[in-house]
Amino acid sequence: MISPTTPDQASQFVESVLALRLEIAVFDCDGTLWSGDSGRDFFYWEIERGVVSPEVAEAMTARYRLYEAGEVGEEPMCGHMVTMHSGLAISDLHQAAEEFFVEVVSHRIFPEMHQLTHRLAEEGCELWAVSSTNNWVVEAGASRFGIKRDHVLAASLHVEDGFASDRLHRVPTDELKALAIREVIGKPVDGVFGNSMHDHAMLEIAKHPYCINPNPDLERAAREKHWPIYWPKVTR
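Residues numbered from 1 in each chain as written. Predicted model: local features only at pLDDT ≥ 70, side-chain atom pairs only at ≥ 80, totals over all residues. Heavy atoms only, no water.

Draft legend 1. Main features of helix H2 (residues 38-48). For H2, the full list of buried residues reads Ser38, Gly39, Phe42, Phe43, Trp45 and Glu46. Those residues of H2 that are buried lie in contact with helix H3 (54-68), helix H4 (74-83), helix H5 (90-105), strand E2 (126-134) and helix H7 (135-142). Two to three positions downstream of the cap, the backbone nitrogen of Gly39 sits 3.1 Å from a side-chain oxygen, assigning the N-cap of H2 to Asp37. Directly beyond the C-terminal end of H2, a positive phi value near 70 degrees is found at Gly50. (Buried < 20%, exposed > 50% of the residue type's maximum accessible area, 1.4 Å probe, protein only. Helix = DSSP H or I, 4+ residues; strand = E, 2+ residues; numbered from the N terminus. Contact = heavy atoms within 4.5 Å. Polar contact = N/O pair within 3.5 Å; in protein donor to acceptor, adjacent residues only side chain to side chain.)

Draft legend 2. Representation of the state of the cysteines. Applying the stated criterion across every chain, the model contains zero disulfides. Cysteine Cys29 is unpaired, with the sulfur of Cys78 as its nearest cysteine sulfur at 13 Å. You can call Cys29 buried: its relative accessible area is 0%. As a non-bridged cysteine, Cys125 has Cys29 as the owner of its nearest cysteine sulfur, 15 Å distant. Judged by its relative accessible area of 8%, Cys125 is buried. (Disulfide = S-S within 2.5 Å.)

Draft legend 3. Just the nonpolar core, in detail. Core analysis: the largest hydrophobic core is formed by 46 residues, its most contacted members being Phe13, Phe27, Met113, Leu116, Leu120 and Phe193. Ignoring any residue separated from it by four or fewer positions in sequence, one finds Met113 in contact with Phe13, Phe27, Thr32, Leu33, Phe145, Phe193 and Ile212. Core analysis: the next-biggest nonpolar cluster, separate from the first, contains 19 residues, Trp128, Ile185, Met202 and Leu203 among them. (Core = buried A, V, L, I, M, F, W, Y, C linked by side-chain atoms within 4.5 Å.)

Draft legend 4. Highlighting the pattern of salt bridges. With the rule as written, the count across this model stands at 14 salt bridges. Of the charged contacts, one joins Lys177 and Asp28 as a salt bridge, the two residues approaching to 3.0 Å between their closest N and O atoms. One end of the pair, Lys177, is in helix H8 (residues 175-185); the other, Asp28, is in the loop between strand E1 (24-27) and H2, and 149 residues separate them in sequence. Comparing Lys177 with Asp28 shows no difference in burial state: the two are buried. For Glu98, the salt bridge identified is with Arg144, shortest N-O distance 2.8 Å. Of this pair, Glu98 sits in helix H5 while Arg144 sits in the loop between H7 and strand E3 (152-160), and the two are 46 residues apart along the sequence. Given the relative accessible area of 22%, Arg144 is considered partly exposed. By sharing partners, the salt bridges in this structure join Asp28, Lys177 and Asp199 into a single network. (Salt bridge = Lys/Arg side-chain N within 4 Å of Asp/Glu carboxyl O.)

Draft legend 5. Molecular detail of the packing of H3 against H4. Packing of H3 against H4 leaves a shortest axis separation of 11 Å and a crossing angle of 160 degrees. By the angle between their axes, H3 is roughly antiparallel relative to H4. You can see that H3 and H4 cross each other, and the crossing is left-handed. Across the interface between the two elements, Met60, Arg63, Tyr64 and Tyr67 of H3 pack against Glu74, Met77, His80 and Met81 of H4. Among the residues forming the contact of H3 with H4, the class breakdown is five nonpolar, one polar and two charged. (Axes fitted to C-alpha atoms, helices over the stretch in contact; angles between N-to-C directions. Parallel < 35°, antiparallel > 145°, perpendicular 65-115°, else oblique. Left-handed = near helix turned anticlockwise from the far one by under 90°. Nonpolar A, V, L, I, M, F, W, Y, C, P; charged D, E, K, R; others polar.)

Draft legend 6. Here's a closer look at the sheet that holds strand E5 (residues 191-194). One open sheet holds the seven strands; their spatial order is E4-E3-E2-E1-E5-E6-E7, and the pairing between them is mixed. Only two strands of the sheet have a single neighbouring strand rather than two, namely strand E4 (163-170) and strand E7 (229-230). Judged from the four bridges that link them, E3 and E4 form a sheet pairing that is antiparallel. By the bridge assignment for E4, Val159 is matched with Ala164. On the sheet, helix H6 (residues 111-122) packs against E1, E2, E5, strand E6 (208-212) and E7 and is oriented at approximately 155 degrees with respect to E1. (Pairing = 2+ DSSP bridges.)

Draft legend 7. Geometry of the pairing of E1. Covered by surrounding structure in E1 are Ile24 and Val26 together with Ala25 and Phe27, the residues of both alternating faces. Judged from the four bridges that link them, E1 and E2 form a sheet pairing that is parallel. Each residue of the ladder has a partner; that of Phe27, found in E2, is Ala129. Here three bridges tie E1 to E5, and the two strands are oriented parallel to one another. Residue pairing in the sheet places Val26 in a bridge with Val192 of E5.

Any link to function would need more than the numbers given here.
Written out as structure tokens, the structure is:
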């Protein structure tokens, strides 16, 4: 159990992970690499800026309220938040996601997680990001951590002639995160880092699971399973 309050403890966490000599490490993003919910934040950010039409914005805002009320599930909601972009140019979505990340999320990055991923990469570890947030935002964020675009498994759709279609590719959440790891990475993963019960399934398949800034339900599960818990300095 690691609960940092000083820079020394943050360094101890990084060094303790590096000592494991991980060959493959998988990271959730929201709440794990940075604070907050970037998927939700991007949803409202793009609506305010007119990235999607007023009709789409109105319908999706109503659906999101149902999601918050528990009447729409995690997987379908994350899927809708991707396919709402049907017909838009992929290049424009990448540009919007980059602008959003710089403006809204970049200052929320956990410094020790940023340091950890870059140190792991320097030592030859293969890094992956797995998230139910849309791939445009996750790719923008993951690039700051040395994670390549083709190593991002996020909520995504099929692209047709450079434009977003209405056909989902994948929505990695809950058990679907573990499934995406098995299907795409196809090898045992040494380390998995997550913060919520949506990461529980992929944490279970790791040789070394780490709960970063965990939500209360994952914290309880981690204590029962004796999984390491780490609280980034800025969360304390």
